[in-house]
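# Descriptive analysis of the structure
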Amino acid sequence: MSAVLDILASVGMWEAVLRIATPFILGTLGVLLCERVGVLNLGIEGIMTFGAMIGWLTVYSGGSLWAGLAAAALCGAMFGLLHASMTVNLGLSQHVTGLGITLFASSFSYYVFRLAVPTSTSPPTVEPFRPLAIPGLSDIPFLGPVLFNQTAPTYLALALVVVLAWVLYRTPLGLAIRMTGENPHAVDAQGIDPIWLRIGTIMAGSALMGLAGAFLTLAAFNSFFPTMVQGRGWICIALVVFALWRPGRALIGAILFAFFDAFQLRLQTVVDGVPYQLFLMLPYLLSILALVVMARKARVPQALMQPYRRGER
Amino acid sequence: MSRPLRGAGVTRVLELDGITKRFGSTLANDNVSLHLERGEVVALLGENGAGKTTLMSILFGHYTADAGEVRVEGQALPPGKSRAAIRAGVGMVHQHFALAANLTVLENVMTGTEPLWRPRSDRSAARRRLADLSERFGLPVDPEARVADLSVGERQRVEILKALYNEARILILDEPTAVLTTQQAERLFATLREMAAKGLSIISISHKLNEVMSASDRVVVLRGGRVVAERRTRETTKEELAELMVGRAVERPKRPPAHPGEVLLEARDIHLSGRGGTALNGVTFRLRAGETLGIIGVSGNGQTTLAGVVSGLYPPDGGSLEIRGAPLARHDVAGVIDAGIGRIPEDRHAEGVLGDMATWENVVLERLWSPEFSRRGIVRRGAARAATARLLSDYDVRGAQVDGRVRLLSGGNMQKLILGRVMEADPSIIVAAQPSRGLDEGAIAGVHRRLIEARDRGAGILLISEDLDEVIALSDRIRAIVGGRLSPAIPAERADARLLGLMMAGDWATAAEIERQEEAAHAL
């Protein structure tokens, strides 16, 4: 018991929480944006994989870390454009398109990776983002190292939560985005083209998914391997429901999930006689439980997964 | 050449000039011209499919015309741009409200009114302006209420406010009363009159003659995509307009005398609470073979619940429903179908058909297990398709294909399909809830004819409707529903608007006296 308390009291554990949460924060914000405008983007798993690869490859070929992030965001946006052209312009099934993009982007990542690194047994590494201590604040006992000794992309993710919440709830653009997810006919009737709004928003959301992937290779680890996203994208899809489509709650959800993940990792080392796979299951079980509780309150965007065509009801 | 000035000096605010629009081989609008003066209410009258909505969609920039021009206060509007129409002061109140249910009234009104890239919405200014408008035009509404929590009448108010907020000087209302009760509609007309008096110009699209007569200065009649006539409202009559609209004299069918037989359906003291709708507090009635019992009432007094109980959707909490003297074996939908009750539901889109399924699937759904349409668990598609094709021609369902989606049908044709489906099963009892709501004159006459035929074949018909004319025309006996209770029954011959009004208001003394007299007369 005291071992468990030791884990909960350790700075290392809490420091890990924000680090683990970062890709979930970015990915969940990305899915949230797409769904707010009325489109389900199941391409996230693949887009994250591609973001992880292209981010790593950019840095490996001599680009800066920030160039790596930018490349990942740009490629994410391009996959978003592909998704939008199929689901928004052509009105095809969002499930099939999303899963198709996930399969395509995952395999394509591995293909490009193998072209760049034809033969190697251990994946080549890059020099990742280092923790950036914020002067003054990082010296606060306990809270300092936990909150203010993270890498730059983590700060970026936290800032994006605030920015996105502001955009969605305080700007005319955000209102138009939310309304498009509720009733694109209403937006059209007010003189805004919901088609363009959907395309643009899906691209922005997918760029965030690319960033989420790049965080894995450029901050959390320092190399790329094809299976590294490990279902994080799917978790983001669930976290959006848990978040009730709100950025602030998305942050809480991501942190909660990351907490269980960090906790179970450390629990494995102190509890004997229990197969470690059970601990691995813990965060997923708890997120299902949280989802069941939260989903009851969910107010799904009314036009989610409904393609918009002018003049058709 | 001097350009006409914008603003106060101009009295002709809108001109549509030679508008032509083709969809494939159909000519939806054929050289249509129309004008609107300041402060005028023009009714655009026409049957479903006459091209009214297409014309207004062109005016509002949802469609681009193949030929012709739209001028607002003398200035031509660029085609296909709703934004330009909004800027020029054209506001559209859509038939299916263009509102987002999960957003607040204020948010719905504000969307698109500020530059999209402004870093911050000015909500307090918007709230002030909305409050000012709703005060000025007498359209009270709570800006922070979620639209989903509003009644239909309130939602329409939000739609009108939205247009006014966009500084509309020309207001177009597409079938504004389609979803309103009589009282709400009257309130709307009063509001429109006031708005016109304040300088707004209004086009109201409609196929309802009563409404056109009571709420317009001028009527433009559209038929088959062309303007066939234009009349000052006070110089015309309902009959003339009906003929102009349909192209021939329409007559609603006459009801021959009834020959009531055995009691088919008997409700005894039915109670039902909750269910989201209005409760039933002791409903008792008898329905005989070969008669139509009309239930009239102001919407929200338990009509929907009553129709649901008789259709088998809701088993009652107390009381009983007997068919030919025997209680229902199972009070659910299947039990009711087995007992020979045919149902024409109130909301044909939600409960009458499965919009995204094929016509033939919709037609045979209820009778899928009959040997005619399935054998050993396998659907006999050939037989089902053949039966559907027969039904489409027998019941004159236009625009439908056996394999096409039902969603694409117009309201009138969808109702004909549902009627056909009910009649083909040869029910002994028919529950018809608001059977002609939203239909045009021609379609209404068709529905009425079928219901009268069914009655004359010996079916008992329970007609639940808010349309006084319909209830008087079709029913042999009439009851009013008030607060989940039924009034005494009066024979249709003794019904007039005043008496029915009293009954609907809950004053049943006269009705009770008439019922007593009738019973006494029959006892002799």
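Quantities reported herein were computed from a predicted structural model and do not represent experimental measurements.

To continue, consider the overall build of chain B. Check the secondary structure of chain B and you find 18 helices and 23 strands. For chain B, the C-alpha radius of gyration of 25 Å lies close to 24 Å, the compact-globule estimate for 524 residues. Projecting the C-alpha coordinates of chain B onto the three principal axes gives extents of approximately 85 × 55 × 50 Å. Within the span of chain B, comprising 524 residues, buried residues form 52% of the whole. Within the structure as shown, chain B displays about 23,200 Å² of accessible surface, and the carbon and sulfur contribution to it stands at 50%.

The subject of this paragraph is the sheet that holds strand β10 (residues 226-232) of chain B. All names here are of chain B. Judged by pairing direction, the sheet is mixed, and its 6 strands sit side by side in the order β6-β7-β8-β3-β9-β10 without closing on themselves. Among the strands making up the open sheet, the edge pair consists of β6 (90-93) and β10. Neighbour to neighbour, the strand axes of the sheet diverge by 20° on average, direction disregarded. Where helix α5 (residues 152-165) meets the sheet, its contacts fall on β6 and β7 (170-174), and the angle it forms with β6 comes to roughly 170°. Running at roughly 30° to strand β9 (residues 218-223), helix α8 (residues 238-246) makes contact with β3 (41-45), β9 and β10 of the sheet.

Our next topic: the nonpolar core. One finds Val105, Ile160, Leu171 and Met195 of chain B to be the most contacted residues of the largest nonpolar core, which totals 130 residues. Ignoring sequence-local partners within four residues, the contact set of Val105 of chain B consists of Leu130, Val141, Asp142, Pro143, Ala145, Val147, Leu150 and Val158 of chain B.

The next thing to look at is the sheet that holds strand β14 (residues 318-323) of chain B. In a beta sheet, neighbouring strands are held together by backbone hydrogen bonds and run either parallel or antiparallel to one another. Residues and elements named next belong to chain B. Spatially, 4 strands are ordered β12-β11-β14-β15 in an open sheet, and the strand pairing comes out antiparallel. Edge positions in the open sheet fall to β12 (280-288) and β15 (326-327), since each of these has one partner strand only. Here strand β11 (residues 263-272) pairs with β14 via 5 bridges, running antiparallel. When the bridges of β14 are listed, His271 appears paired with Gly318. Along the sheet, helix α9 (residues 303-310) makes contact with β11, β12 and β14, crossing β12 at roughly 55°.

All names here are of chain B. The end-to-end C-alpha separation of helix α4 (residues 123-136) is 20 Å, in line with the 20 Å expected for 14 residues at 1.5 Å each. Listed in full, the buried residues belonging to α4 are Ala126, Leu130, Leu133 and Ser134. When α4 is viewed along its axis, its buried side chains cluster within an angular range of 95° and face the same direction. Of the exposed residues in α4, those oriented more than 90 degrees away from the buried face are Arg128 and Glu135. Against the buried residues of α4 lie α3 (105-110) and α5. Gly138 sits one or two residues past α4 and shows a positive phi near 65°.

Moving on to the pairing of β14 of chain B. Residues and elements named next belong to chain B. For β14 and β15, the ladder comprises 2 bridges, and the chain directions are antiparallel. Across the sheet, residue Ile323 finds its bridge partner in β15, namely Ala326. Here β14 folds back onto β15 in antiparallel fashion, the turn holding 2 residues, of which Arg324 has a positive phi close to 50°.

All names here are of chain B. Domain boundaries in chain B define domain 1 (11-82 + 170-176 + 200-248), domain 2 (90-168), domain 3 (261-340 + 427-524) and domain 4 (348-426). For domain 1 versus domain 2, the separation of C-alpha centres amounts to 26 Å. If you look at the interface, domain 1 gives 13 residues, while domain 2 gives 11 residues. Taking both sides of the interface into account, the surface hidden between domain 1 and domain 2 amounts to around 1,200 Å²; carbon and sulfur atoms contribute 68%. Summed over the shared surface of domain 1 and domain 2, the number is 5 residue pairs in polar contact (both at pLDDT 80 or more). Of the residues belonging to the side of domain 1 that touches domain 2, the class tally is 10 nonpolar, 1 polar and 2 charged.

Quick look at the pairing of strand β13 (residues 292-296) of chain B now. Residues and elements named next belong to chain B. Most of β13 sits inside the fold, with 5 of its 5 residues counted as buried. Burial along β13 is two-sided: Thr292, Gly294 and Ile296 facing one way and Leu293 and Ile295 facing the other are all buried. With 5 bridges joining them, β13 and strand β20 (residues 460-465) adopt parallel strand pairing. Bridged to Ile296 within β20 is Ser465. Both β13 and strand β21 (residues 477-482) contribute to a ladder of 4 bridges, which runs parallel. By the bridge assignment, Gly294 is partnered in β21 with Ile478.

Residues and elements named next belong to chain A. With 26 residues, helix α2 (residues 11-36) extends 36 Å from end C-alpha to end C-alpha; this agrees with the ideal 38 Å at 1.5 Å per step. Of all the bends in α2, the greatest reaches close to 35° and is centred on Ala21; the proline Pro23 follows between one and four positions later. In terms of burial, α2 is largely enclosed, as 21 of its 26 residues are buried. Once α2 finishes, Gly38 follows within two positions and takes phi at roughly 100°, a positive value.

What counts as what
- Residues numbered from 1 in each chain as written.
- Chains lettered and ligands numbered in written order.
- Predicted model: local features only at pLDDT ≥ 70, side-chain atom pairs only at ≥ 80, totals over all residues.
- Heavy atoms only, no water.
- Helix = DSSP H or I, 4+ residues; strand = E, 2+ residues; numbered from the N terminus.
- Rg over C-alpha atoms; globule rule 2.2 N^0.38 Å.
- Buried < 20%, exposed > 50% of the residue type's maximum accessible area, 1.4 Å probe, protein only.
- Areas by Shrake-Rupley, 256 points an atom, 1.4 Å probe, with all protein chains shown as cover.
- Pairing = 2+ DSSP bridges.
- Axes fitted to C-alpha atoms, helices over the stretch in contact; angles between N-to-C directions.
- Contact = heavy atoms within 4.5 Å.
- Core = buried A, V, L, I, M, F, W, Y, C linked by side-chain atoms within 4.5 Å.
- Expected span 1.5 Å × (residues − 1).
- Arc of directions from axis to C-beta.
- Domains from an automatic or database assignment.
- Buried area = accessible area lost by both parts, 1.4 Å probe.
- Polar contact = N/O pair within 3.5 Å; in protein donor to acceptor, adjacent residues only side chain to side chain.
- Nonpolar A, V, L, I, M, F, W, Y, C, P; charged D, E, K, R; others polar.
- Bend = angle between axes of the 7 residues up to and from the residue.

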